[in-house]
Every structure is written in structure tokens, then in C-alpha cells.
2 protein chains.
Amino acid sequence: MIHAFALRLCLPLLSVLVTFTTKAQTSTGQHDTNDDARYIRSIHDMALTDGRCYPWLHHLTKRVGARLAGSPQAAAAVEFTYQMLDTLGLDSVWLQPCMVPHWVRGEKEVVRIAQSEMGTVELHALALGNSVGTGEAGLSAEVVEVMGLGDLEKLGAARLKGKIVFFNRPFDATKLNTFEAYGGAVDQRGSGPSEAAKYGAVAVLVRSMASGLDDVPHTGGLGYRDGIPKIPACAISTNDAELLSGILEKGPVKVYMRTTCQALGDKPSFNVIGEVRGSEHPDEIILVGGHLDSWDVGEGAHDDGAGCVQSMDVLQVFKRLNYRPKRTIRCVLFMNEENGLRGGTAYADEALRKGERHLVAIESDRGGFVPRGFTVDGESAGFVEKLRAMQAWSPLLEPYYLHVKKGGGGADISPLKKQGALLIGYEPDSQRYFDFHHTAADVFEVVNKRELELGTAAMASLIYLMDKYGLE
Amino acid sequence: MIHAFALRLCLPLLSVLVTFTTKAQTSTGQHDTNDDARYIRSIHDMALTDGRCYPWLHHLTKRVGARLAGSPQAAAAVEFTYQMLDTLGLDSVWLQPCMVPHWVRGEKEVVRIAQSEMGTVELHALALGNSVGTGEAGLSAEVVEVMGLGDLEKLGAARLKGKIVFFNRPFDATKLNTFEAYGGAVDQRGSGPSEAAKYGAVAVLVRSMASGLDDVPHTGGLGYRDGIPKIPACAISTNDAELLSGILEKGPVKVYMRTTCQALGDKPSFNVIGEVRGSEHPDEIILVGGHLDSWDVGEGAHDDGAGCVQSMDVLQVFKRLNYRPKRTIRCVLFMNEENGLRGGTAYADEALRKGERHLVAIESDRGGFVPRGFTVDGESAGFVEKLRAMQAWSPLLEPYYLHVKKGGGGADISPLKKQGALLIGYEPDSQRYFDFHHTAADVFEVVNKRELELGTAAMASLIYLMDKYGLE
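Residues numbered from 1 in each chain as written. Chains lettered and ligands numbered in written order. Predicted model: local features only at pLDDT ≥ 70, side-chain atom pairs only at ≥ 80, totals over all residues.

K.L.:
Give a description of the overall build of chain A that names residues and reports values.
P.N.:
For chain A, the count of helices and strands is 15 helices and 16 strands. Overall, chain A is about 75 × 65 × 40 Å in size when its C-alpha atoms are taken along their principal axes. In chain A, which comprises 472 residues, the share counted as buried stands at 54%. Partitioning the contacts of chain A with sequence separation of at least 6, the portion at a separation of at least 24 is 83%. (Helix = DSSP H or I, 4+ residues; strand = E, 2+ residues; numbered from the N terminus. Buried ≥ 20, exposed ≤ 12 C-beta atoms within 10 Å, placed from the backbone. Contact = placed C-beta atoms within 7 Å.)

K.L.:
Pulling in residues and values, what's your account of the packing of helix α10 (residues 301–320) of chain B against helix α15 (residues 449–469) of chain B?
P.N.:
Residues and elements named next belong to chain B. For the pair α10 and α15, interaxial distance at closest approach is 9 Å and the crossing angle is 55 degrees. Taken together, the axes of α10 and α15 are oblique relative to one another. Read as a crossing pair, α10 and α15 show a hand that is right-handed. In this structure, α10 contributes A306, Q310, D313, V314, V317 and F318 to the contact, and α15 contributes L452, G455, T456, M459, A460 and I463. Residue composition of the contact of α10 with α15, grouped by class: eight nonpolar, three polar and one charged. (Axes fitted to C-alpha atoms, helices over the stretch in contact; angles between N-to-C directions. Parallel < 35°, antiparallel > 145°, perpendicular 65-115°, else oblique. Left-handed = near helix turned anticlockwise from the far one by under 90°. Nonpolar A, V, L, I, M, F, W, Y, C, P; charged D, E, K, R; others polar.)

K.L.:
Report on unusual backbone geometry, specifying residues and quantitative values.
P.N.:
Cis geometry marks the peptide bond from D303 of chain A to D304 of chain A, where omega comes out at 0 degrees. Here D304 of chain A is to be found in helix α10 (residues 301–320). Even without glycine at this site, N130 of chain A takes up a positive phi of about 80 degrees. When you line up the elements, N130 of chain A lands in the loop between β4 (125–127) and β5 (139–146). With phi around 60 degrees, Y401 of chain B is a residue other than glycine that occupies positive phi space. One can find Y401 of chain B in the loop between α13 (394–397) and β15 (403–406).

K.L.:
Could you give an account of the pairing of strand β9 (residues 254–258) of chain B, naming the residues involved and the relevant values?
P.N.:
Residue and element names in this part refer to chain B. Alignment of strand β2 (residues 110–115) against β9, held across five bridges, turns out to be antiparallel. Among the inter-strand pairings, I113 is bridged to a residue of β9, identified as V255. Pairing geometry for strand β5 (residues 139–146) and β9, over four bridges, is antiparallel. Bridged to S140 within β9 is Y256. (Pairing = 2+ DSSP bridges.)

K.L.:
Hey, could you go over the sheet that holds β5 of chain B for me, with residue numbers and the actual values?
P.N.:
Residues and elements named next belong to chain B. With mixed pairing, eight strands are arranged side by side in an open sheet as β3-β2-β9-β5-β6-β7-β8-β4. The sheet is open, and its two edges are formed by β3 (121–122) and β4 (125–127), each paired on a single side. Sheet analysis places β5 next to strand β6 (residues 164–167), joined by four bridges and oriented parallel. Across the sheet, residue V143 finds its bridge partner in β6, namely I164.

K.L.:
Break down helix α4 (residues 72–86) of chain A for me, with residues and values.
P.N.:
Residue and element names in this part refer to chain A. Taking 1.5 Å per residue, 15 residues should reach 21 Å; α4 reaches 21 Å between its end C-alpha atoms and fits that length. Of all the positions in α4, only Q73, A74, A77, V78, T81, M84 and L85 are classed as buried. Down the axis of α4, the buried side of the element spans an arc of 150 degrees, and every buried residue falls inside it. Residues P72 and Q83 are exposed on α4 and point more than 90 degrees away from its buried face. (Expected span 1.5 Å × (residues − 1). Arc of directions from axis to C-beta.)

That is the geometry; function is a separate question.
Here's what the structure looks like:
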């Protein structure tokens with residue numbers, strides 16, 4: 001007799017067994033798990049002993065620094081990574097032009113509680129990316145706290161006209177993956193300004209998109225809707241959000257805001273690309289990439305210096321191992337993920353124009369933390385089969401704590417989805433990401449060398465299997 | 001036809017299936033996976049929203065600070081944790097006396113390259129714990145570099161007499177688990193001094209037990225062998241070890257060392273214990289603990305403030321959830337793990353004297369990093385069955401990235417093994433641990449709140465299952 005508990009446990013495993021069998025039966029190539037295990041071990045050994053991602057990241061963060069699209073630092077990042085890829089002996093390294101928006105923060109933001117029971121209090125603030133400025137003189141208005149977009153309609157123009165709307169819904173701490181908590185709060189930052197402006201609000205304050213309580217404000221992009229007045233918006237630190245909320249409980253609060261940010265005209269920039277061409281299927285492209293731009297505070301170390309140097313290091317590791325791929329392995333460092341996605345769009349447009357076929361695109365844009373695995377996304381046709389093909393490799397990946405599951409790919413590679421590419425998001429552990437994301441605290445020192453290198457190894461291992469066996 | 005690859009993959013899974021079936025058939029209790037999944041979710045929610053481990057750790061690190069056995073800070077840590085446990089409404093909270101060694105570092109160490117091609121260079125150094133001092137005047141001698149204990153016999157007294165032996169074998173970076181790399185290097189620190197003294201060496205320098213290259217020296221205990229002269233020993237930072245090695249390649253190097261550390265007499269101290277008694281099997285004890293002492297540099301945040309506050313928080317979470325255990329759940333904060341294990345020994349001695357039965361003992365002493373799972377150890381009789389019983393819970397634990405595998409328990413609980421307790425080591429991710437271990441850098445700020453809290457939740461979840469179903 002099999003106990004009900006055991007049966008419930010067995011069922012998912014049985015389906016995995018079926019998957020393995022199916023995979024093995026339908027696979028055209030000969031799988032040699034011992035060979036593959038040895039090769040994946042050698043990839044890890046190389047990444048952990050002769051990886052170059054860490055010194056590259058040092059240069060990109062400490063020498064180049066923050067590199068918002070259109071900035072001189074973004075241009076320096078293009079130049080540096082192009083030069084580094086060009087040292088690796090790849091088959092081709094090139095720059096792919098794209099036009100990018102050029103937004104500048106201007107002078108240090110002032111966000112000040114100007115009139116309250118507690119008197120004057122300076123808040124830790126950063127203007128949101130793409131925000132308009134307040135004008136030289138700044139603005140003063142009474143603050144209305146809301147817990148989300150839904151509150152705006154309830155309050156209406158009668159309560160919001162002429163006011164500063166303060167979005168204060170925190171992350172849900174019970175979400176194990178902090179990206180889910182981010183997803184549950186970020187509409188306040190992205191859509192809050194235009195939604196508040198619809199009711200006559202004059203400005204917006206947003207609680208920083210952060211996991212914990214501290215004094216660090218988090219910037220990040222907002223999106224203005226056409227036909228609605230553009231009003232200025234700042235993020236304030238989570239500690240200051242708690243403070244402001246506490247003072248508001250006691251009575252009316254007026255805040256003075258001054259920002260001088262502005263959008264300048266579009267500027268030319270580039271994606272940076274390097275590739276090793278496949279020996280058997282050169283027309284099947286396996287893309288691995290991150291984004292080269294960052295916000296203009298901190299050093300863009302986790303977001304996304306890490307993903308760039310890991311993607312470059314994947315090619316470096318393969319070259320060092322004298323690996324000759326069957327398929328074309330291409331590293332793409334995208335420009336302008338943070339406030340426009342122009343690099344990702346330009347890349348997909350050119351791929352379409354050239355009739356390139358992307359078998360798969362992997363993006364590393366969730367920080368340089370310790371690996372958890374991969375999340376996979378794609379057009380519905382054939383998706384389940386491809387996911388199963390990948391999951392059949394789990395016994396080779398699990399010794400490195402790498403799982404494969406359904407989930408998001410990444411912003412830069414997303415336009416490739418409708419061209420049939422399987423999209424894969426490299427997934428490091430998420431617990432610390434939103435301590436640093438879009439802040440002055442996202443610097444080289446908060447990236448651990450081994451955790452970063454293990455990300456290189458994780459992506460290279462998966463690429464090795466996909467290159468060797470395909471996904472059919 | 002089943003492909004060979006698939007068969008190879010299937011076999012381990014089939015054995016897991018057999019395990020599940022066996023477990024379910026032999027289990028006396030009725031498993032309700034939905035109930036259990038909900039309860040484990042509620043444990044996580046509570047730990048992540050109303051855990052107290054983080055503020056407790058703040059007090060233990062920032063207010064109490066480094067707390068080597070015998071120090072006033074160790075006494076303050078006993079008092080603080082006793083008071084905190086006493087606020088939780090447990091059935092009993094008590095102090096268990098033990099005598100501990102009292103070693104003091106004395107004045108700031110001097111380790112200086114006194115004579116070399118590069119002239120005088122100060123090295124970042126810490127005397128090893130339990131080391132004798134050099135005497136007021138210090139000592140100067142030529143340095144002989146070795147890569148391990150095995151080199152000593154080859155060199156012999158002819159080359160080592162009167163010299164300072166410099167052990168410089170680094171961590172093996174290819175070990176995925178950094179504790180394995182530590183295990184492969186730490187004999188140099190633990191046994192190096194006495195082994196070198198056998199050949200007439202006058203002192204020892206040891207490359208710090210660290211994963212990477214930096215300027216931070218790592219202390220840690222040495223063990224002198226009876227009948228061999230005790231010679232002074234210091235750890236130097238990994239950067240300085242590389243430097244010293246480089247200079248040695250060019251010619252002879254003399255080093256000046258001065259340390260004033262000394263062993264004072266034994267002092268009375270305590271383990272701190274709190275428990276909730278079981279309603280059905282009060283005589284079956286589930287122990288969860290860490291060690292309250294730390295080295296005398298830094299704040300002992302990861303080692304092992306984290307393990308202490310997590311263990312205390314397990315009881316706090318259960319109390320907040322109004323959980324009524326069937327078995328007795330006991331939190332033990334051990335004294336003197338770092339340089340004597342007197343607390344662990346005293347605890348096991350008293351358990352034996354009283355005829356207490358420890359079903360299981362869980363130790364958290366690998367830092368407050370993000371959970372990976374548990375490693376399990378025990379006397380051979382019945383071990384395989386108990387491990388399988390635990391692994392049958394994997395489907396409930398895997399959503400939280402928690403695996404259960406064979407491996408070490410922990411130093412403090414190790415004396416309970418021969419009393420039949422199953423030993424379980426809580427295993428967080430190991431990548432960053434040896435950046436901080438036994439250093440001035442092991443401070444509150446390098447512990448992430450969510451990672452710490454997830455450790456509480458991981459241990460409470462496993463304890464919930466063991467309490468509910470036992471391990472038979």
C-alpha cells in the first residue's frame with residue numbers, strides 16, 4: 001500500500017521521469033553525462049580561478065563609474081568593454097549604433113518638510129529618472145499620503161488638486177523573491193506621477209523601492225502618459241517615508257521640493273557586441289548579455305555592471321578552455337535599459353532586418369549574487385518542450401544549486417521573444433538586491449568576487465549544454 | 001526503449017521514490033502536506049515580518065561587541081540573552097555553569113619585515129588564539145616559507161631551527177563550498193605551530209584562512225601539542241602573505257614579531273538555555289543553538305551572533321504562532337566554542353548525568369547568510385532511516401530552497417552524537433563566510449536582515465516537522 005502522502009510526493013517526480021525519458025528518446029545528440037559533468041566542472045574551475053569578471057567590474061565601476069545613457073561615462077563604458085572584448089581573440093567584435101535619450105539630474109535635490117509639528121526636516125531624496133524639474137524656485141504644497149494608485153480615484157481632484165501625492169505602499173516582506181515584492185510596489189514609481197497629475201497634483205513623492213528600512217533613496221524610471229501634465233517626482237528613503245507618514249498622522253504637512261533635472265535631446269550611442277561563430281550551425285545564435293548603462297548615482301555595480309562582465313567572461317572562459325562551439329555564441333552589452341530600452345529595441349530590429357535566428361537569449365540583470373538558477377520564457381509554440389529539454393539537464397546543474405523553471409527573461413532581450421527566441425533570465429539570489437538597486441550604495445565593494453564568478457560559470461554551463469545538444 | 005542517459009538519471013529518483021514510500025508506510029503519524037505547507041508558510045511570514053533576531057543581533061554586536069570566553073563582554077552576552085529569552089514566556093530559562101579558559105590578546109601585534117630587498121614593511125597581523133606571546137622584546141628571525149605541514153619533514157631541523165616558519169597554502173578556490181576550502185587549509189593554523197616547533201622553529205606566521213585577497217587578518221584557535229615547546233604564532237592577511245612570498249623569492253627575509261598575549265586562569269561562565277516543554281513527549285528534546293562567545297576582534301556578527309539570535313527567534317516565532325509542541329524544544333547558547341568547547345562539553349555531560357534524551361540537535365554556526373538547507377550526521381544505527389525520513393519532507397522545504405543532505409552537524413553539539421542525537425548543521429550559503437570569519441570585519445553591517453530571518457524560518461520549519469512527526 002502506498003500512503004496518500006507518498007503518492008502526492010511521487011506524482012511530480014514521476015512526471016519528471018517521463019520528461020527525462022522523453023528528452024532522451026527525442027534527442028538527436030548522444031548525451032554523455034560523465035563528459036558533460038566534467039566539462040561543467042572545468043567551466044566552474046576556470047571561472048573561479050582565472051575569471052576576469054571581477055577586475056573588469058572594478059574598472060567599470062571605479063574608473064568609469066555611473067553611466068547613464070548619453071553621459072560621457074556611458075561612452076567610456078562602450079569604449080572599455082569594446083577594447084576588452086577585442087583582447088579575447090573572438091571572431092568579431094563590433095559596435096551597434098542606437099540613439100538614446102539623455103536625461104540629467106541637475107543639482108542636488110532638495111526635499112524638505114517645510115512646515116509641520118516637527119518643524120523643518122530634510123529628507124533623503126533622489127529625483128526619479130525622466131522626471132521634469134520643479135523649476136529654479138522649487139514648489140511648496142501640502143502632502144497627501146496614499147497607499148497606491150487605487151486611492152487616487154477615491155480621493156479625487158477635490159482632495160488632490162494642488163497637492164503633493166505621497167505614495168507609501170511598502171514591499172511585501174513575506175515574498176520570498178524580492179522581485180515579486182518590487183513588482184507589487186513599482187507601479188507607484190512608474191505610473192504614480194501621471195496618475196496623480198490627472199487629479200491636479202503638482203508633484204509626487206514615492207517611498208523608495210527597497211526591501212528594508214534605511215536612509216538610502218532609490219531612483220528609477222517613471223513613465224509620463226501622453227496628454228497629462230508632467231509633474232516632478234522624487235523618491236525618498238524608506239526611513240524618511242516612515243517619518244513623513246508618522247508626522248502626517250498628527251496633522252497637515254507642507255513639503256518644499258526643488259529639482260533641476262531635464263531631458264536633453266537624443267544622443268548617439270552603441271550596443272557592444274562580440275561573438276564566436278559556430279562550427280556546425282553558425283546561423284543559430286545563443287545570446288548572453290547585460291546592460292551597460294546604469295543610473296547616475298553609485299557605480300552601477302550590481303545593476304548591471306555584474307551582468308555585463310559575467311557575459312563577457314562567458315566568452316573569455318570558453319576561449320581559455322579552447323571550446324569550439326557548434327552554434328554562434330554572442331555577447332551583447334545593451335545600452336539604455338534603464339530609461340528607454342533603445343539598445344534592446346535596436347538590436348532586435350536589426351536581427352529582424354538581417355533575418356538572424358536567435359535560438360536563445362540569456363540576460364543577467366538581477367545582480368551579481370550567488371546563483372539560484374534560470375527562469376525561462378518564450379512564445380507558446382514549442383515552449384513546454386524546450387523547457388523540458390532544459391530541465392532534463394537538472395542533474396548536471398543541481399550540484400551547483402542551479403534550477404531551471406518558468407519565469408521572466410529580461411528587459412533587453414524581451415523584443416526577441418516574438419522572433420522565436422527562448423528567453424532566459426539568469427537568477428541569482430534576490431535577498432540583497434533591493435538594498436542597492438538604483439542607489440548610491442550600488443558600488444564595487446558590495447559585489448562578492450566568488451558570487452560574481454559563479455554567475456559566469458552558471459551561464460557558461462547552460463550555454464555549453466544548449467550549444468552541444470540544442471533545444472529540439 | 002529508455003535511453004541510457006535517461007536511465008542513469010532515473011535511478012537516483014527511483015530510489016527517492018522508494019524512500020518516500022517507505023517513509024509514508026512506516027510513519028506513525030498522519031501526514032497532511034497541505035496543512036504542513038500552510039504552517040511552514042506562516043512560520044516564514046512571521047519570521048520575515050515579526051522576527052526579533054535582527055534587533056537582538058544589533059544589541060549583541062553593537063552594544064555587547066566581541067565576546068571571547070572569560071571576557072566581561074561574554075558575561076554581558078550571557079546576561080542579555082538570558083533576559084531576552086526570559087521575556088518570551090517560555091516554560092524555563094536557565095544558566096548552566098561551566099569553566100572557560102581566559103586568553104587575552106594583549107597589545108596590538110607587531111609583525112614587520114625587518115630586513116629585505118624592500119626594506120621595512122609592516123604586515124597586517126593577528127596573534128592566533130591560545131598563542132603564547134613573544135615576550136616584551138619580541139623576536140627576530142629569518143623566514144622559511146612552506147606550503148603545508150608535509151614540507152616540514154623534508155626541510156628538517158637543519159633548515160628550520162631558529163627560523164620563523166611561514167605557512168602559505170591558500171584556499172582552493174575551486175571548492176564550491178568554502179568550508180571545504182577551509183578544511184583543506186586550516187591544519188596550518190591549528191597544528192602548524194607545534195609541528196614547526198618540533199624542528200626548532202621559534203615562531204610561526206600563517207596565511208589567513210580567507211577565500212580572497214585583502215588586507216584583513218583572520219585569527220582563530222591553534223592547538224599546542226603536549227611535550228613540544230609552545231612558540232608564538234600570528235596570522236597575516238592574504239595580501240601580505242602574497243607580498244611576503246614575493247619578497248622571499250628574491251632572497252632571505254627577516255621578520256620582527258612582537259605579541260603580548262597570554263593565557264590567564266580559568267573563569268566561571270555559562271551556557272544560556274530556554275525551553276518550551278512538549279505536551280506529548282516532554283522527554284524527547286529537540287535542541288537548536290549557536291555559540292555565544294566570539295573571537296575578540298570585530299563583533300562576532302556572523303560567527304556566531306547570527307546563530308544565537310536565530311535560535312532564540314525560533315522559540316519566539318513558535319510562541320507568537322501559539323504553537324504547542326509535542327516534544328520539548330530547547331534553545332541552547334553555548335559558551336566557549338572558539339577556544340575550548342567547554343560549554344558544549346558541559347552541556348553533554350549534564351545531559352548524560354540527567355539521562356536526557358536528545359532526539360535531535362541543530363546548530364547554526366556557519367553565518368547569517370541565505371539558506372541552502374541542512375546537513376545531517378549521526379551514529380550509524382538508524383542513521384539512514386532518519387535521513388530518509390527527513391528527506392521525505394523535501395517537497396515541503398524545497399520551495400524555500402532548503403535541501404537535506406548528509407554532512408556535518410556542528411562543534412557544540414558534537415558531544416551529543418554518542419548519546420544518540422541526530423546532529424543537524426543549518427547550512428546557509430558559504431561564499432562570503434570566509435571574508436569575515438574571525439576578523440575585525442565581522443560586524444553587524446555585513447549581516448543582511450532578510451537572510452538572517454530566513455535562517456530562523458528554515459530551522460523553525462524543520463523543527464516543526466520533526467516535532468510533529470518525529471524521526472521514526
